Amino acid sequence: MPTVLILYYSKSGNTEEMAKAIEEGARSEGVKAVRKKVRSATLHDLLTADGIIVGSPTYYGTMAAEMKTFIDKSVKYHGKLEGKVGAAFSSCGGLGGGVETTVLDLTKALLIHGMVVQGDPWGSHYGTVSIGRPNAAAKKECKKLGEKVARLVKRLAPAS
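Cut-offs applied
- Residues numbered from 1 in each chain as written.
- Predicted model: local features only at pLDDT ≥ 70, side-chain atom pairs only at ≥ 80, totals over all residues.
- Heavy atoms only, no water.
- Helix = DSSP H or I, 4+ residues; strand = E, 2+ residues; numbered from the N terminus.
- Rg over C-alpha atoms; globule rule 2.2 N^0.38 Å.
- Buried < 20%, exposed > 50% of the residue type's maximum accessible area, 1.4 Å probe, protein only.
- Contact = heavy atoms within 4.5 Å.
- Areas by Shrake-Rupley, 256 points an atom, 1.4 Å probe, with all protein chains shown as cover.
- Lys, Arg positive; Asp, Glu negative; His and termini not counted.
- Charge placed at Lys NZ, Arg CZ, Asp CG, Glu CD.
- Polar contact = N/O pair within 3.5 Å; in protein donor to acceptor, adjacent residues only side chain to side chain.
- Expected span 1.5 Å × (residues − 1).
- Salt bridge = Lys/Arg side-chain N within 4 Å of Asp/Glu carboxyl O.
- Axes fitted to C-alpha atoms, helices over the stretch in contact; angles between N-to-C directions.
- Parallel < 35°, antiparallel > 145°, perpendicular 65-115°, else oblique.
- Left-handed = near helix turned anticlockwise from the far one by under 90°.
- Nonpolar A, V, L, I, M, F, W, Y, C, P; charged D, E, K, R; others polar.
- Pairing = 2+ DSSP bridges.

Participant: For this particular structure, what's the right way to read the overall build of the chain?
Facilitator: Regarding its fold elements, the chain presents five helices and seven strands. Computed over the C-alpha atoms, the radius of gyration of the chain is 14 Å, within 12% of the 15 Å expected from 2.2 N^0.38 for a compact globule of 160 residues. On the principal axes, the C-alpha backbone points of the chain span a range of 45 × 30 × 25 Å. For the chain, the residues scored as buried account for 50% of the 160 residues in total. Partitioning the intrachain contacts of the chain with sequence separation of at least 6 by distance along the chain shows that 82% fall at a separation of at least 24. With an accessible surface of roughly 7900 Å², the chain has 55% of that area assigned to carbon and sulfur atoms. Positive and negative charge centroids in the chain, built from 23 and 15 side chains respectively, lie 3 Å apart.

Participant: Would you take a moment to explain the side chain of Asp-45 for this structure?
Facilitator: Its location among the elements puts Asp-45 in helix 2 (residues 44-48). In this structure the side chain of Asp-45 is engaged in a polar contact, spanning 2.8 Å, whose partner is the backbone nitrogen of Thr-42.

Participant: I keep staring at helix 1 (residues 14-28) and nothing clicks. Help me out?
Facilitator: Note: α-helices contain 3.6 residues per turn, so residues at a spacing of three or four share the same orientation. With 15 residues, helix 1 extends 22 Å between its outermost C-alpha atoms, agreeing within 8% with the 21 Å of an ideal straight helix rising 1.5 Å per residue. Listing the buried residues of helix 1 in full gives Asn-14, Thr-15, Glu-17, Met-18, Ala-19, Ala-21, Ile-22, Glu-23, Gly-25 and Ala-26. The secondary structure elements touched by the buried residues of helix 1 are strand 1 (3-8), strand 2 (32-37), strand 3 (51-59), strand 5 (85-92), strand 7 (128-131) and helix 5 (136-156). Once helix 1 finishes, Gly-30 follows within two positions and takes phi at roughly 85 degrees, a positive value.

Participant: What's the story with the pattern of salt bridges in this structure? I'm lost.
Facilitator: A side chain with one charge may pair with a side chain of the opposite charge, provided their charged atoms come close. Applying the stated rule across the entire model yields 15 salt bridges. A salt bridge links Lys-143 to Glu-24; the nearest nitrogen and oxygen atoms lie 3.7 Å apart. Of the two residues, Lys-143 sits in helix 5 while Glu-24 sits in helix 1, which places them 119 residues apart along the sequence. One continuous salt-bridge network, built from bridges that share partners, spans Glu-16, Glu-23, Arg-27, Arg-35 and Lys-37.

Participant: Would you mind showing me how to read the packing of helix 1 against helix 5 here?
Facilitator: If you want to describe how two helices pack, look at the angle between their axes and the distance between the axes. For the pair helix 1 and helix 5, the least separation of the axes is 7 Å and the interaxial angle reads 40 degrees. As the angle between them shows, helix 1 and helix 5 are arranged oblique. Regarding helix 1 and helix 5, the two cross each other, and that crossing is right-handed. The residues of helix 5 that touch helix 1, namely those facing Glu-17, Met-18, Ala-21, Ile-22, Glu-24, Gly-25, Ala-26 and Ser-28, are Lys-139, Cys-142, Lys-143, Leu-145, Gly-146, Glu-147 and Ala-150. Among the residues making up the contact of helix 1 with helix 5, the classes are represented as seven nonpolar, three polar and five charged.

Participant: What am I meant to see in the environment of Lys-20 here?
Facilitator: With respect to the helices, strands and loops of the structure, Lys-20 is situated in helix 1. Counting along the chain gives 33 residues from Lys-20 to Ile-53, while the straight-line C-alpha distance between them is 12 Å.

Participant: Any chance you could explain the pairing of strand 7 here in plain terms?
Facilitator: Every other side chain in a regular strand lies on the same face of the sheet, so the side chains alternate between the two faces. Residues of strand 7 alternate between two faces, with Thr-128 and Ser-130 buried on one and Val-129 and Ile-131 left unburied on the opposite face. In this structure, strand 5 lies alongside strand 7, joined through four bridges in parallel fashion. Paired with Ser-91 across the bridge in strand 7 is Ser-130.

As structure tokens, this is what we get:
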């Protein structure tokens, strides 16, 4: 069964709430969804997943140091994530706080690994975002992100 890893850091709980909704969306499409806080994840988790969705709160216009450290260590597997499906999400304290730049920074890391990044032409184009605690609309976008990534994973994952 294809696997989607939802890897995130959350201090206030907002990003974690988003991760839960993304997990729900991925599971609804019939894939194995594994939600992990970045502190409990291993680099090996990246190799075992067919899709990787990364999320972080926005700190000073970019991802949290905990997520950046994990991504920096992922250079160990440079080239080994090529072709896997990826996506990003972020939460932020207020409008204009850099949430979109955070999503783009996370996405750049996925692209450098050679991943296929799932966008959305009709909603959160670059990745799902929330300003403050995710409301019903943000949770709906998160669930949709999980669904879209899961569908793409099922199309692209090698048959077992």
